[in-house]
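Residues per chain, in single letters:
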Amino acid sequence: MTEHVVIVGGGTGGAVLANDLADRLERELDTGAVRVTLINDGPDHVYKPVWLYVPFDQREPDDGRRPLDELVDDAIDLRIDRVAGIDTDKKTLRIDDNASPIKYDYLVLATGSTLEPDQIPGLAEGGHDYYSESGAIDLRDELLTFTEGNLVLSVIGTPHMCPAAPLEFVFMIDDWFRERGLREDIEVTYTYPIQRVHGNPHIAEWARPIMAKRAIQVETFFNAEAVDPEAQTITSMEGTTLDYDLFVSIPPHRGVDLIEDAGLGDEGWVDVDRHTLEAEAADDVYAVGDTADTGVPNAGSVAHYQAGVVGQRLASKVRGRPPTATYDGKTLCFIETGMDEASFVEFDYENAPSPVPPSEKLHWSKLAYNEAYWLTARGLL
Ligand SMILES: Cc1cc2nc3c(=O)[nH]c(=O)nc-3n(C[C@H](O)[C@H](O)[C@H](O)COP(=O)(O)OP(=O)(O)OC[C@H]3O[C@@H](n4cnc5c(N)ncnc54)[C@H](O)[C@@H]3O)c2cc1C
């Protein structure tokens, strides 16, 4: 009997896993002992880290897009459809009411994060972002002609994708305005919802003095409540109001509704065992990447490592052996600290992050990784 592995989501976690399984289960795929289907709601794979550079006119959004059928191994069945429902008792997926349900033996959810600007009144009208392709393009148009006034970057709610990216943005913008002789005419303010500048205390402790040195104003314990696009103000639940001329936000995030609807976790994040990545609420269901609620950052590197672990566990299952591979919380991140220097952190469940001194070499390493990504996602590096 052919066992059917279905992966929902063809972003970093889903595509890496599909290629990992094509390699790991080559023999079983050849003989028909197993079939792997990857379902994504669009034909392209999107590499989001490119969006950080779009507002600075350094990258084009298309640099972060490739057709999935070129990226994913031919041994994988690729299906472009949006999954609308999961029945974990019957082990089926629903596409829509007209299509017949898809039966799975093993299901992997890799549906990532979605942005919810509508949670904050006025945010969609008054705010810009670089956390979506269209947002990054709009922000570029604003930023290229912005020469004076208050720029406010506000992190609205956590978790959000790439916890370092808001720090990267203010470090880069500070440098970018300085290089162009504009910094004295532009005030840069960074707001964060808790009493420090980053969710991880070690990274917050590292970042704070750099922000002070660069004269980046900081408002902590600032939970955005409303944006007034007419008055150009943002008000927090704590009662602080900030004026802005250009407002950049990291909008509220959540996972996709189908996860909550299937009883797999709250707010679209799947409750998983943080080592095996197996869903707590259903058998033979796994989650990788942003959607897996493990407490580690929502980062592509995490999705990548988790995909490798789930690939090994699924290969063991298909071969009828007990799976032993586990995820240790490994997270790796380059952090831009300007337009031409970056730091780097690596940590896991046991070891705290300790960012290394910024250097030009690390900046080039980050850019090189972004280029090499297409090979790593293909499983070639
Ligand atoms: C500006 C920015 C900069 C970043 N920089 C970095 C960085 O430097 N380093 C780093 O490690 N990470 C970075 N990240 C984070 C990284 O991009 C994400 O954490 C990563 O993409 C998560 O991978 P994923 O597979 O979980 O989700 P995604 O890559 O988002 O993929 C999810 C996929 O699922 C699909 N999908 C969703 N719902 C359905 C459905 N119902 N049916 C079918 N398909 C569905 C989506 O269309 C998408 O293709 C950055 C993110 C942003 C926004």
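Small disclaimer: the values here were computed from a predicted structure and weren't measured.

1. With respect to the packing of aromatic side chains
Link 1 in the chain: Taken as a whole and assessed by the stated rule, the structure comprises 14 aromatic pairs.
Link 2 in the chain: Relative to phenylalanine 169, the ring of tyrosine 130 has its centre 4.7 Å away and its plane inclined at 15°; by these criteria the two rings are stacked. Here tyrosine 130, found in the loop between helix 4 (123–126) and helix 5 (133–143), pairs with phenylalanine 169, found in helix 6 (residues 165–179); they are 39 residues apart in sequence, far enough to count as distant.
Link 3 in the chain: Residue classification places phenylalanine 169 among the buried residues on the basis of a relative accessible area of 0%.
Link 4 in the chain: A ring pair is formed by tyrosine 373 and tryptophan 374, whose centres lie 5.3 Å apart and whose planes are at 75°; its orientation type is edge-to-face. We note that tyrosine 373, like tryptophan 374, is buried.
Link 5 in the chain: Here the aromatic residues Phe56, Tyr130, Tyr131, Phe146, Phe169, Trp176 and Phe177 are joined through ring pairs into a cluster of three or more.
Link 6 in the chain: Here the basic side chain of arginine 66 rests over the ring of tryptophan 374, its NZ or CZ set 4.3 Å away from the ring centre.
Link 7 in the chain: The ring centre of tyrosine 349 lies 3.9 Å from the NZ or CZ of arginine 274, which sits over that ring.

2. Focus: helix 6
Link 1 in the chain: The terminal C-alpha atoms of helix 6 lie 21 Å apart, and with 15 residues this matches the ideal 21 Å at 1.5 Å per residue to within 8%.
Link 2 in the chain: Buried residues dominate helix 6, accounting for 13 of its 15 residues.
Link 3 in the chain: Directly after helix 6, the chain includes glycine 181, whose backbone phi takes a positive value near 70°.

3. Overview of the site of the ligand
Link 1 in the chain: Taken together, 32 residues surround the ligand, and among them Gly13, Asn40, Asp41, Lys48 and Asp290 come closest.
Link 2 in the chain: For the ligand, a nitrogen atom lies 3.5 Å from a polar atom in the side chain of arginine 82.
Link 3 in the chain: Taken by itself the ligand offers 1,000 Å² of open surface, and the protein chains cover 92% of this.
Link 4 in the chain: For the shell around the ligand, the secondary-structure elements that each account for two or more residues are helix 1 (12–24), strand 2 (34–40) and helix 9 (300–318).
Link 5 in the chain: Sorting elements by how many residues they give to the shell around the ligand places helix 9 first, with three residues.
Link 6 in the chain: When grouped by side-chain class, the residues that make up the shell around the ligand number 14 nonpolar, twelve polar and six charged.
Link 7 in the chain: Of the domains in this structure, domain 1 (3–113 + 255–330) and domain 2 (116–252) are the two that each give at least three residues to the shell around the ligand.

4. Description of the sheet that holds strand 7 (residues 92–94)
Link 1 in the chain: Ordered by their spatial adjacency, three strands build an open sheet running 6-7-8, and the pairing between neighbours is antiparallel. Looking at strand neighbours, the two that pair on one side only are strand 6 (85–87) and strand 8 (102–103), the edges of this open sheet.
Link 2 in the chain: Where strand 7 meets strand 8, two bridges bridge the pair, whose relative direction is antiparallel. Considered in strand 8, the bridge of leucine 93 is made with isoleucine 102.

5. Some details on the domain arrangement of the chain
Link 1 in the chain: Taken domain by domain, the chain consists of domain 1 (3–113 + 255–330) and domain 2 (116–252).
Link 2 in the chain: Using only C-alpha atoms to locate each centre, domain 1 and domain 2 end up separated by 31 Å.
Link 3 in the chain: Between domain 1 and domain 2, the contact holds 17 residues from the first and 21 residues from the second.
Link 4 in the chain: With both sides pooled, the region where domain 1 packs onto domain 2 buries about 1,700 Å², and carbon together with sulfur makes up 71% of that total.
Link 5 in the chain: Looking at the side of domain 1 facing domain 2, the largest losses of area belong to Trp51, Pro55 and Phe56, adding up to 41% of the total buried there.
Link 6 in the chain: Glutamate 133 is the salt-bridge partner of arginine 65, the closest N and O atoms lying 2.8 Å from each other.
Link 7 in the chain: Along the contact surface separating domain 1 from domain 2 lie three residue pairs in polar contact (both at pLDDT 80 or more).
Link 8 in the chain: Here the side of domain 1 that touches domain 2 is built from residues that sort into nine nonpolar, two polar and six charged.

Rules of the game
Residues numbered from 1 in each chain as written. Predicted model: local features only at pLDDT ≥ 70, side-chain atom pairs only at ≥ 80, totals over all residues. Heavy atoms only, no water. Phe/Tyr/Trp six-rings, centres within 6.5 Å; stacked < 30°, edge-to-face > 60°. Helix = DSSP H or I, 4+ residues; strand = E, 2+ residues; numbered from the N terminus. Buried < 20%, exposed > 50% of the residue type's maximum accessible area, 1.4 Å probe, protein only. Lys NZ or Arg CZ within 6 Å of the ring centre and 35° of its normal. Expected span 1.5 Å × (residues − 1). Near = heavy atom within 4 Å. Polar contact = N/O pair within 3.5 Å; in protein donor to acceptor, adjacent residues only side chain to side chain. Areas by Shrake-Rupley, 256 points an atom, 1.4 Å probe, with all protein chains shown as cover. Nonpolar A, V, L, I, M, F, W, Y, C, P; charged D, E, K, R; others polar. Domains from an automatic or database assignment. Pairing = 2+ DSSP bridges. Contact = heavy atoms within 4.5 Å. Buried area = accessible area lost by both parts, 1.4 Å probe. Salt bridge = Lys/Arg side-chain N within 4 Å of Asp/Glu carboxyl O.

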